[in-house]
Amino acid sequence: MSEKELGKKLNKCFADTAVKIGAGLGLGIVFSVVFFKRHTWPVAFGLGSGLGMAYSNCQTDLRSHYLHHSNTIKEQ
Amino acid sequence: MAAKIVPVLKLAAKVTIAGGAVYIAYDSGLLGGSEQGSEVLGKAKSALPPAIDEWMKYFGFELPAVPKIAFAPVEAWNSGVRSTIYTLSVGPTRVGEYTTQGMQYVKDLTK
C-alpha cells in the first residue's frame, strides 16, 4: 500500500471513528434516559459499541488491500 | 381500565422514541461502513456553520470568530515522527558527549 493510499484510509478511519463514537454516545444517552432511569452504563455501552464498530471497519478497510476478491481470481 | 392502559401506552411511547432514534441513526448511515461514516462527517461539517449562524440570528448575539490556525498537524506528523526518532537515536551519544565536556570543565576549574 502506498503512503498516500494509507494516509487516505487512515483519514477515513479517524472520521468514521468520530462519527461512530458520536452515534454510540447519542443512542446510549437516549436509551439511558428512556429505559434505564438515567444510569451511566448504557452510555458507556454505546460509546464502547461505537468504538468497536469503528475499529472493525478500520480493520476491514486496511486489510482489504491485501485480500484477493473472487472476481479477480476467476479472471486469472 | 384506563389505569391498565397507561403503562402500556408509556412503554409504547418509549419503544417508539428509542426505535425511532435507532432508525434515524441507521438511515443516515451512522452505523454503516467507513465510506458512509466519513461522508456523514463531511456533510455535518458543511452543515454546521449555516446552522450556527441561524441560531445566532435567532438568539440575537454573535459568537467571536474562530481563530484560523496555520499549523496543520496532519502535514507536520511525518516530519515530527522523523525528528523525534532522530533525537531518540542521537540522544545517548549527545548525553555522553555533554557529560564528558561537563566533567572536563569541572576538572579544569579544580586545577
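Residues numbered from 1 in each chain as written. Chains lettered and ligands numbered in written order. Predicted model: local features only at pLDDT ≥ 70, side-chain atom pairs only at ≥ 80, totals over all residues. Heavy atoms only, no water.

**Digging into the overall build of chain B**
Right, on to step 1. Assigned secondary structure in chain B consists of three helices and zero strands.
Right, on to step 2. For chain B, the proportion of its 111 residues judged to be buried stands at 9%.
Right, on to step 3. If you sum the accessible surface of chain B, you get close to 9,700 Å²; carbon and sulfur atoms cover 69% of it. (Helix = DSSP H or I, 4+ residues; strand = E, 2+ residues; numbered from the N terminus. Buried < 20%, exposed > 50% of the residue type's maximum accessible area, 1.4 Å probe, protein only. Areas by Shrake-Rupley, 256 points an atom, 1.4 Å probe, with all protein chains shown as cover.)

**Some words on the packing of helix H1 (residues 3-34) of chain A against helix H2 (residues 34-59) of chain B**
Right, on to step 1. Viewed as axis vectors pointing N to C, H1(A) and H2(B) meet at an angle of 75 degrees, and their least axial separation amounts to 8 Å. Classified by the angle their axes make, H1(A) and H2(B) are roughly perpendicular. In this structure, H1(A) contributes Lys12(A), Ala15(A), Asp16(A) and Val19(A) to the contact, and H2(B) contributes Ser34(B), Glu35(B), Gly37(B), Ser38(B), Val40(B) and Leu41(B).
Right, on to step 2. Here the residues of the contact of H1(A) with H2(B) are counted per class, giving four nonpolar, three polar and three charged. (Axes fitted to C-alpha atoms, helices over the stretch in contact; angles between N-to-C directions. Parallel < 35°, antiparallel > 145°, perpendicular 65-115°, else oblique. Contact = heavy atoms within 4.5 Å. Nonpolar A, V, L, I, M, F, W, Y, C, P; charged D, E, K, R; others polar.)

**Points about the state of the cysteines**
Working definition of a disulfide: a covalent bond connecting the sulfur atoms of two cysteines.
All names here are of chain A.
Right, on to step 1. All told, the structure shown has one disulfide over all chains when counted by the stated rule.
Right, on to step 2. In this model, Cys-13 is linked to Cys-58 through a disulfide, with the two sulfur atoms separated by 2.3 Å. Here Cys-13, found in helix H1, pairs with Cys-58, found in helix H2 (residues 41-64); they are 45 residues apart in sequence, far enough to count as distant.
Right, on to step 3. Overall, the relative accessible area of 13% leaves Cys-58 in the buried class. (Disulfide = S-S within 2.5 Å.)

**Considering the confidence of the model for chain A**
Right, on to step 1. Per-residue confidence for chain A averages 88 on the pLDDT scale, and 91% of its residues sit at or above 70.
Right, on to step 2. Per-residue pLDDT, averaged within each element of chain A, yields its smallest value for helix H3 (residues 70-75) of chain A (64) and its largest for H2(A) (93). (pLDDT = per-residue confidence, 0-100.)

**Description of the packing of aromatic side chains**
All names here are of chain A.
Right, on to step 1. Taken as a whole, this structure holds three aromatic pairs over all chains when the rule is applied.
Right, on to step 2. With a centroid separation of 6.4 Å and an interplanar angle of 65 degrees, the aromatic rings of Phe-35 and Phe-36 are classed as edge-to-face.
Right, on to step 3. The class of Phe-35 is partly exposed, set by a relative accessible area of 29%.
Right, on to step 4. Judged by centre distance (4.7 Å) and plane angle (55 degrees), the rings of Phe-36 and Trp-41 are tilted.
Right, on to step 5. A relative accessible area of 31% means that Phe-36 is categorised as partly exposed.
Right, on to step 6. Grouping aromatic residues by their ring pairs yields a cluster made of Phe-31, Phe-35, Phe-36 and Trp-41. (Phe/Tyr/Trp six-rings, centres within 6.5 Å; stacked < 30°, edge-to-face > 60°.)

**With respect to a nonpolar patch on the surface**
Right, on to step 1. On the surface, Met1(A), Leu6(A), Leu10(A), Phe14(A) and Tyr66(A) cluster together into a nonpolar patch covering about 510 Å² of accessible area.
Right, on to step 2. Summarising the element assignment, Leu10(A) is placed in helix H1. (Patch = residues over 30% accessible without salt bridge, like charges linked within 9 Å, V, L, I, M, F, W, Y side chains within 5 Å. Salt bridge = Lys/Arg side-chain N within 4 Å of Asp/Glu carboxyl O.)

**Considerations on the interface of chain A and chain B**
Right, on to step 1. Contacts between the two partners involve 15 residues from chain A and, on the opposite side, 18 residues from chain B.
Right, on to step 2. Carbon and sulfur atoms make up 73% of the surface buried where chain A meets chain B, a total of about 1,500 Å² over both sides.
Right, on to step 3. Here chain A and chain B share one salt bridge between them.
Right, on to step 4. Residue Glu35(B) pairs with Lys12(A) through a salt bridge whose shortest N-O separation is 2.8 Å.
Right, on to step 5. Along the contact surface separating chain A from chain B lie five residue pairs in polar contact (both at pLDDT 80 or more).
Right, on to step 6. Where the side of chain A that touches chain B is concerned, the elements lending two or more residues are H1 and H2 of chain A.
Right, on to step 7. Sorting elements by how many residues they give to the side of chain A that touches chain B places H1(A) first, with 11 residues. (Buried area = accessible area lost by both parts, 1.4 Å probe. Polar contact = N/O pair within 3.5 Å; in protein donor to acceptor, adjacent residues only side chain to side chain.)

**Some details on the side chain of Ser32(A)**
Right, on to step 1. Tracing the chain through its elements places Ser32(A) in helix H1.
Right, on to step 2. Residue class for Ser32(A) comes out buried when judged on its relative accessible area of 4%.

**Thoughts on the pattern of salt bridges**
Right, on to step 1. In this structure the tally under the stated criterion is four salt bridges over all chains.
Right, on to step 2. Lys12(A) serves as the salt-bridge partner of Asp61(A), at 3.8 Å between the closest nitrogen and oxygen. Pair noted here: Asp61(A) is in helix H2 and Lys12(A) is in helix H1, with a separation of 49 residues, a long-range link.
Right, on to step 3. One network of salt bridges, in which partners are shared, links Lys12(A), Asp61(A) and Glu35(B).

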